[in-house]
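Descriptive analysis of the structure
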Amino acid sequence: MRTVIRYRNGVLNGKGASLLDGYMEDLATDRIYRLMIAQRMKHSDKVEVLGETGLPIRHTPELIHELFEEELGRLLRENANGNDAQVATLREARRMSEEMILQEEFNPA
């Protein structure tokens, strides 16, 4: 989710690819990560994904929303010196990313 938000933030700032954690990430990475999240949601009742406690976690829309919120919070704390425009763009990137997953929108646009 971190990479999806950060990549979408780059797109909103006019970048087609972004250097994230030492790796060049682009549309392909964004699409793969969004599809992985969507697949976990779609098959959460058939394929068990274990959490840190060893218990299964169902990837529901509510969980996805919560995880996006947590990641946005981390990104905002890391960019605490950011201006209002940077904060607004990160929030919009987070909103768009979750919406694209929930609406099963995997087109690059």
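Predicted, not measured: the structure shown is a model, and the values here were computed from it.

1. Some remarks on the confidence of the model for the protein chain
Caution applies to low-pLDDT parts of the model: their predicted coordinates are not meant to be read in detail. Considering every residue of the protein chain, the mean pLDDT works out to 86; 94% of them sit at 70 or more. For the protein chain, per-element mean pLDDT is lowest for strand 1 (residues 18-20), which scores 73, and highest for helix 3 (residues 61-78), which scores 94.

2. So, the pattern of salt bridges
Summed over all chains, the structure comprises 9 salt bridges. Across the salt bridge formed by D30 and R34, the nearest N and O atoms sit 3.0 Å from each other. Of this pair, D30 and R34 both sit in helix 2 (residues 27-42), 4 residues apart, which is roughly one turn of that helix. R34 shares its class with D30; the two are buried.

3. Observations concerning the packing of helix 1 (residues 2-12) against helix 2
Between helix 1 and helix 2, the least distance of the axes is 9 Å, while the angle of their chain directions is 140°. Judged by the angle between their axes, helix 1 and helix 2 are oblique. In the crossing of helix 1 with helix 2, the sense of the turn from one axis to the other is left-handed. Seen from helix 1, the contacting residues are T3, V4, Y7 and R8; seen from helix 2, they are L27, T29, D30, Y33 and R34. Each residue belonging to the contact of helix 1 with helix 2 can be placed in one class, and the counts come to 4 nonpolar, 2 polar and 3 charged.

4. Some remarks on the packing of helix 1 against helix 4 (residues 84-102)
Packing of helix 1 against helix 4 brings their axes to within 8 Å, and their N-to-C directions diverge by 115°. Taken as a pair, helix 1 and helix 4 cross one another with a handedness that is right-handed. Contacts from V4, I5, R8, N9 and L12 in helix 1 reach T89, L90, E92, A93, R94, M96, S97 and M100 in helix 4. Classifying every residue of the contact of helix 1 with helix 4 by side-chain character gives 7 nonpolar, 3 polar and 3 charged.

5. A few points about the nonpolar core
Among the nonpolar cores identified, the biggest contains 12 residues, and these are I5, I37, A38, M41, I64, F68, L72, L75, L76, L90, A93 and I101. Sorting the residues of this core by element identifies helix 2, helix 3 and helix 4 as the ones contributing at least two each. Sort the elements by how many residues they give to this core and helix 3 lands first, with 5 residues. Leave out the neighbours within four places in its chain, and L75 touches R2, I5, R6 and L90.

How each quantity is defined
Residues numbered from 1 in each chain as written. Predicted model: local features only at pLDDT ≥ 70, side-chain atom pairs only at ≥ 80, totals over all residues. Heavy atoms only, no water. pLDDT = per-residue confidence, 0-100. Helix = DSSP H or I, 4+ residues; strand = E, 2+ residues; numbered from the N terminus. Salt bridge = Lys/Arg side-chain N within 4 Å of Asp/Glu carboxyl O. Buried < 20%, exposed > 50% of the residue type's maximum accessible area, 1.4 Å probe, protein only. Axes fitted to C-alpha atoms, helices over the stretch in contact; angles between N-to-C directions. Parallel < 35°, antiparallel > 145°, perpendicular 65-115°, else oblique. Left-handed = near helix turned anticlockwise from the far one by under 90°. Contact = heavy atoms within 4.5 Å. Nonpolar A, V, L, I, M, F, W, Y, C, P; charged D, E, K, R; others polar. Core = buried A, V, L, I, M, F, W, Y, C linked by side-chain atoms within 4.5 Å.

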